[in-house]
Amino acid sequence: MPTSPPSPFVVPPGLTARRFSRRRLGASAAAATLALASLAACGNDTSALTGSNTDVSSYDQIIAAGPTADAATVDGNAWAKKIKDRGSLNTGGSDAGPLFSMKDPATGKLTGFDAGLAQLLSRYITGKEDGPLTLTITTVDTRETLIQNGTVDTVFATYSITPERAKKVAFAGPYYRSGDAVMVKADNTTINSVTDLDGKKVATQQGSTTAARIAKDAPGATVSLFPDDAQCLAALKTDRVDAYVIDQSILISNATTDKTLKVVGEPFSNDFYGIGVTRDDPQAKAFVNDWLEKIEADGSWAKLWKATVGTVVAGEAPAPPKIGSAEGS
Amino acid sequence: MIDVLTENFGTLWQGVLTTLAITALAFVGAVVIGIVVAVFRVSPIPPLRALGAVYVELFRNIPLLSLLILVAYGLPYVGISFSLFTTAVICLAAVSGAFACETVRAGINGVSVGQAEAARALGMTFTQSLTRVILPQALRTMVQPLVNIFIGVALGSSLAAAVAVNELTYAAQQVGNRTAESMLLFLISAVVYIVIALLGGGAGSVLERRLAVQR
């Protein structure tokens, strides 16, 4: 028997109104749930990264095998002695930067190239095997200030050395040479290198020096700065932008966990990361540079690179950039 | 320090204009939503009253930042995508509208019952008594609370920086990052926000005097 549609005349007006509003509510609730679910999925992607890529036990071994300074070296340097007496390095950085400094929400453990270097420095000064850190989360806005006012001893935070920043803080290093690459959705065939970005919308992270370089290489691109990697990815995946430009290693790691994205072209820039320390005490920068030279010479630097950035970038560890080679270091 | 300001004046000014645009649009939106939802909440129709209550409890109790992120990155997954500027305006208006609703409702309830009864005795409908008798009197008492909402909107617009809307805070962060003078730039933007809020308060006081009943 065919069911006839309910006649509007027999349904009391109040009931229709109620039904209508209930249906609308249901729809928006479903939309909200979906949205939440997809957001949660993004979050899992990024957190799974540290868990799956970085082999935590070998990572810990690299830190434990790191060199330690002899007592005279530390005691002769007021900056380092203060850290040794405290028993832990006050460092500034991120806990949401894949490959460089990322906290696993399940274990609370911070791993990555930047985090590992900070631990190696702590190990060098304090002599403790686990290289204890007291992490202060820094943002682009607060890095210089936190160093200047003494809240942190060091900043390891994919911190690009620039002449402007070098007026506020001293940069030890550079310890890493970064090259920006371009990430697009896997089905995008129009963007194949940085020059194709002209006239396109491009995301990058706030505080990276990338924006300035995109403006140089693709002057017609509209650049939007998002707070972190996860938001840049969200903007790309929801078509708010056509491409995402940042250090190639970060992009490759994103593309390994998310097959809907791909990295195109070769790195098109040179960006040098430094370790931010106070300018007030020249001993600080000298001490960190001496340590950096030691870990580069004894292979700790390369091993740490292999255990972190090297898990997504193929090949042997590159030669570290020459200390003092960047303008401002 | 001064050259940081002069060299980047264009970027910062653009940010100020965007902040003003977001604030103006979202405030107007909030007042409209506030009045409509408040009318729902005092209306004699139960489903509308319930809808009004649900609206207020939903948008008053969700952090603006969460809402911004959900609308900016969550809704596109279900096919709804606004520009980031529009996202900021919608979210600010939606949240502030919930607060405005309660302000308007308090204003309406503050008008003595005798006024509504008199309007009804004259044969006015619900809409007539609301628009001709109740709301004009209610608006008078609502001016200062609405100034609070305006200030909330102006200051809340800074959160739009988190979803890359090129407003004052975003511009200040950008310039601060480029020049390594973040604290100075935050100080400058704080001063601009204070000026915007004070201007809003001043306009409110003028309006209040204009609307005052000469007794």
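All of these numbers come straight from a predicted model, not from anything done at the bench.

### Looking at the overall build of chain A
Move 1: When its secondary structure is counted, chain A shows twelve helices and 13 strands.
Move 2: Of all 329 residues assigned to chain A, the portion counted as buried reaches 49%.
Move 3: Intrachain contacts of chain A at a sequence separation of at least 6 include 72% that bridge at least 24 residues.
Move 4: For chain A, the exposed area adds up to about 14600 Å²; of that, 55% sits on carbon and sulfur atoms.

### Notes on the overall build of chain B
Move 1: In terms of helices and strands, chain B carries nine helices and zero strands.
Move 2: Of the regular secondary structure in chain B, the N- to C-terminal order runs α-α-α-α-α-α-α-α-α.
Move 3: Per-residue burial over chain B gives 46% buried out of 215 residues.
Move 4: Sequence separation of 24 or more characterises 76% of the internal contacts of chain B that already satisfy a separation of 6 or more.
Move 5: As displayed, chain B offers around 10500 Å² of accessible surface, 69% of which is attributable to carbon and sulfur atoms.
Move 6: Separation of charge centres in chain B, based on 11 positive and 8 negative side chains, amounts to 19 Å.

### Things to note about the pattern of salt bridges
Move 1: Taken as a whole and assessed by the stated rule, the structure comprises eleven salt bridges over all chains.
Move 2: In this structure, Asp 60 of chain A and Lys 109 of chain A form a salt bridge, with 3.0 Å as the shortest nitrogen-oxygen distance. Of the two residues, Asp 60 of chain A is situated in helix H2 (residues 56–64) and Lys 109 of chain A in the loop between strand S3 (101–103) and strand S4 (110–111); the sequence distance between them amounts to 49 residues.
Move 3: Glu 181 of chain B is the salt-bridge partner of Lys 168 of chain A, the closest N and O atoms lying 2.9 Å from each other. Taken together, the residues span two chains, with Lys 168 of chain A in the loop between helix H7 (163–166) and strand S7 (170–178) and Glu 181 of chain B in the loop between helix H8 (168–179) and helix H9 (182–211).
Move 4: Among the charged side chains, a network of salt bridges with common partners joins Arg 41, Glu 102 and Arg 105 of chain B.

### With respect to the domain arrangement of chain A
When the parts of a complex come together, some accessible area is lost, and that lost area is often used as the size of the interface.
Residues and elements named next belong to chain A.
Move 1: Under the domain assignment used here, chain A contains domain 1 (9–31 + 180–264) and domain 2 (56–177 + 273–311).
Move 2: Each partner contributes residues to the interface: domain 1 has nine residues there, and domain 2 has eleven residues.
Move 3: Here domain 1 packs against domain 2, burying approximately 740 Å² in sum over the two surfaces, 62% of which is carbon and sulfur.
Move 4: Its largest share of buried area at the contact with domain 2, domain 1 owes to Gly 207, Thr 209 and Ser 249, together 45% of the area lost on that side.
Move 5: At the surface where domain 1 touches domain 2, the tally comes to zero salt bridges.
Move 6: Linking domain 1 with domain 2 are one residue pair in polar contact (both at pLDDT 80 or more).
Move 7: The greatest single-element share of the side of domain 1 that touches domain 2, amounting to four residues, is contributed by helix H10 (residues 248–257).

### Observations regarding the sheet that holds strand S9 (residues 201–205) of chain A
Residues and elements named next belong to chain A.
Move 1: Here we have five strands laid out as an open sheet, ordered S10-S9-S11-S8-S12, and mixed in their pairing. Of all strands in the sheet, those bounded by a partner on one side alone are strand S10 (222–226) and strand S12 (261–264). The average angle at which neighbouring strand axes cross in this sheet is 30 degrees, direction not considered.
Move 2: Where strand S8 (residues 180–185) and S12 come together, four bridges link them in antiparallel fashion. Of the residues in S12, the one forming a bridge with Lys 185 is Leu 261.
Move 3: On top of the sheet, H10 reaches S8, strand S11 (243–247) and S12; it is set at about 125 degrees to S11, its chief contact.

### Focus: the packing of aromatic side chains
All names here are of chain A.
Move 1: In this structure the tally under the stated criterion is 17 aromatic pairs over all chains.
Move 2: Summarising the aromatic geometry, the rings of Phe 100 and Tyr 273 are spaced 6.0 Å apart at their centres and angled 75 degrees between planes, so their arrangement reads as edge-to-face. Taken together, the residues Phe 100 in the loop between strand S2 (96–97) and S3 and Tyr 273 in strand S13 (residues 271–277) connect sequence positions 173 residues apart. For the pair Phe 100 and Tyr 273, a shared accessibility class is recorded, and that class is buried.
Move 3: Here the aromatic cluster, defined as three or more aromatic residues joined through ring pairs, consists of Phe 100, Phe 113, Phe 156, Tyr 175, Tyr 176, Tyr 273, Trp 291 and Trp 301.

### Side note on unusual backbone geometry
All names here are of chain A.
Move 1: The peptide bond linking Gly 173 to Pro 174 adopts the cis configuration, its omega dihedral lying at 10 degrees.
Move 2: By secondary structure assignment, the location of Pro 174 is in strand S7.
Move 3: Although it is not a glycine, Thr 158 adopts a positive phi angle of roughly 35 degrees.
Move 4: Position of Thr 158 relative to the elements: it lies in the loop between strand S6 (154–155) and H7.

### Things to note about the interface of chain B and chain A
Move 1: Residue-level contacts link 33 residues of chain B with 32 residues of chain A.
Move 2: Summed over both partners, the interface of chain B with chain A buries about 2500 Å², with 60% contributed by carbon and sulfur atoms.
Move 3: Broken down residue by residue, the surface that chain B buries against chain A is led by Tyr 73, Tyr 77 and Asn 177 of chain B, which jointly contribute 25%.
Move 4: Inspection of the chain B/chain A interface yields one salt bridge.
Move 5: At the boundary of chain B with chain A, the tally comes to eight residue pairs in polar contact (both at pLDDT 80 or more).
Move 6: Secondary structure elements with two or more residues in the side of chain B that touches chain A: helix H3 (46–60), helix H4 (64–74), helix H5 (84–110), H8 and H9 of chain B.

### A look at the confidence of the model for chain B
Move 1: In the predicted model, chain B carries a mean pLDDT of 93, and 99% of its residues have values of at least 70.
Move 2: Reported confidence for the predicted complex is 0.71 by ipTM and 0.77 by pTM.

### Description of the confidence of the model for chain A
Residues and elements named next belong to chain A.
Move 1: Chain-level statistics for chain A give a pLDDT mean of 83 and a share of 83% at 70 or above.
Move 2: When mean pLDDT is taken per element in chain A, S6 scores highest with 96 and helix H1 (residues 13–53) scores lowest with 43.
Move 3: For residues 1–52, every residue scores under 50 in pLDDT, and the model assigns this stretch 31 contacts once sequence neighbours within four places are set aside.

What counts and what doesn't
- Residues numbered from 1 in each chain as written.
- Chains lettered and ligands numbered in written order.
- Predicted model: local features only at pLDDT ≥ 70, side-chain atom pairs only at ≥ 80, totals over all residues.
- Heavy atoms only, no water.
- Helix = DSSP H or I, 4+ residues; strand = E, 2+ residues; numbered from the N terminus.
- Buried < 20%, exposed > 50% of the residue type's maximum accessible area, 1.4 Å probe, protein only.
- Contact = heavy atoms within 4.5 Å.
- Areas by Shrake-Rupley, 256 points an atom, 1.4 Å probe, with all protein chains shown as cover.
- Lys, Arg positive; Asp, Glu negative; His and termini not counted.
- Charge placed at Lys NZ, Arg CZ, Asp CG, Glu CD.
- Salt bridge = Lys/Arg side-chain N within 4 Å of Asp/Glu carboxyl O.
- Domains from an automatic or database assignment.
- Buried area = accessible area lost by both parts, 1.4 Å probe.
- Polar contact = N/O pair within 3.5 Å; in protein donor to acceptor, adjacent residues only side chain to side chain.
- Pairing = 2+ DSSP bridges.
- Axes fitted to C-alpha atoms, helices over the stretch in contact; angles between N-to-C directions.
- Phe/Tyr/Trp six-rings, centres within 6.5 Å; stacked < 30°, edge-to-face > 60°.
- pLDDT = per-residue confidence, 0-100.

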